[in-house]
Amino acid sequence: MKKKNKKSFKEKRKEFKEKMKNPRKKALFQLGCWMCFFLISYIIIILLPHPTPTYRSSSSNVNKKPLSNFQEMKSFEYVYTFHYDGKEEEIKGTYFEEQYYFTYLNQEYYANKENIYLVDSLQKKLLPVDNFIILTSLKELRKENLVNFLEEKYLIEKKEYKDGKKINTYQFPIEETKFIDLVVTFKDKYIEEIDINLKDYLESKQILYSQFQVNLKYFEINNLSSYSKNYSDYMVEGV
């Protein structure tokens, strides 16, 4: 049995060109090339590793720092406890939509961005306030002001605990040897408590106390959807 002679590359090439002169064969060849191209492309796409998609959480607070969350709190309940010259006094209240509602020494108060008032519910009046504790707590200790004391450059100590709680200590300079000392407790991406020593700060303003410590506690953060009190129809006196 005779073996068939193998065709050379030139012969095969010539034969291929002759076949391509036939429009039908040429069209089938082009179609086959396109099918091979798409098949190879599909295999490459399937086999290549794909990055895992990341989804933004529905909670806007998940990736924010606690200080940002603190500054952006829309509502909360709070207790401010003042320790000064052997005395202890408390302010208890609610913050809702940039308004403060609170009680101090069994009297009711209200504060907006501009002013603080003593509430006279019987006569439906808002009266001016000159009480030092009230003015200090609502003007100096507003959350908008506190964040200025809690910048990274004033941080002097950090502690972390197994329950997830973190405690940072800050020193905010007033004068060369006078500071506002702040001890801040963080829990679940929020500031839970702040202890502030204002003795040096008050001395810088010629207000002398042997001790002036304030403890600030925050509860029910961003859990209030409405608040019942409203003083829009009260008459404002002395302003």
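For the structure, check the block above.
The following refers to the structure shown. Predicted, not measured: the structure shown is a model, and the values here were computed from it. (Residues numbered from 1 in each chain as written. Predicted model: local features only at pLDDT ≥ 70, side-chain atom pairs only at ≥ 80, totals over all residues. Heavy atoms only, no water.)

## As for the pairing of strand β6 (residues 125-128)
Here is step 1: Where strand β5 (residues 116-120) lies against β6, four bridges are found, and the strand directions are antiparallel. Paired with valine 119 across the bridge in β6 is leucine 126.
Here is step 2: Where β5 folds back onto β6 in an antiparallel hairpin, the turn is made up of four residues, including lysine 124, whose phi is positive at roughly 50°.
Here is step 3: Sheet analysis places β6 next to strand β12 (residues 235-236), joined by two bridges and oriented parallel. Its bridge partner being in β12, lysine 125 is matched across the sheet by methionine 235. (Pairing = 2+ DSSP bridges. Helix = DSSP H or I, 4+ residues; strand = E, 2+ residues; numbered from the N terminus.)

## Re the side chain of serine 75
Here is step 1: Tracing the backbone shows serine 75 in strand β1 (residues 75-84).
Here is step 2: Side-chain polar atoms of serine 75 contact the backbone nitrogen of leucine 224, separated by 3.3 Å. (Polar contact = N/O pair within 3.5 Å; in protein donor to acceptor, adjacent residues only side chain to side chain.)

## Remarks on the nonpolar core
Here is step 1: Phe102, Leu146, Leu182, Ile194 and Tyr218 are the most contacted members of the largest nonpolar core, which has 45 residues in total.
Here is step 2: Among the elements that take part in this core, β1 stands out by supplying five residues, more than any other.
Here is step 3: Residues in contact with isoleucine 194, not counting those within four places in the same chain, are Phe70, Leu146, Leu182, Val183, Val184, Val214, Asn215, Leu216 and Tyr218.
Here is step 4: Grouped together as the second largest cluster of nonpolar side chains are seven residues, Tyr101, Tyr117, Val119 and Leu126 included. (Core = buried A, V, L, I, M, F, W, Y, C linked by side-chain atoms within 4.5 Å. Buried < 20%, exposed > 50% of the residue type's maximum accessible area, 1.4 Å probe, protein only. Contact = heavy atoms within 4.5 Å.)

## Describing helix α4 (residues 132-140)
Here is step 1: Along α4, the residues classified as buried are Ile133, Ile134, Thr136, Ser137 and Leu138.
Here is step 2: Summarising the contacts, the buried residues of α4 are in contact with β1, β2 (87-96), β3 (99-104), β4 (107-111), β5 and β11 (212-219).
Here is step 3: Two to three positions downstream of the cap, the backbone nitrogen of isoleucine 133 sits 2.9 Å from a side-chain oxygen, assigning the N-cap of α4 to asparagine 131.

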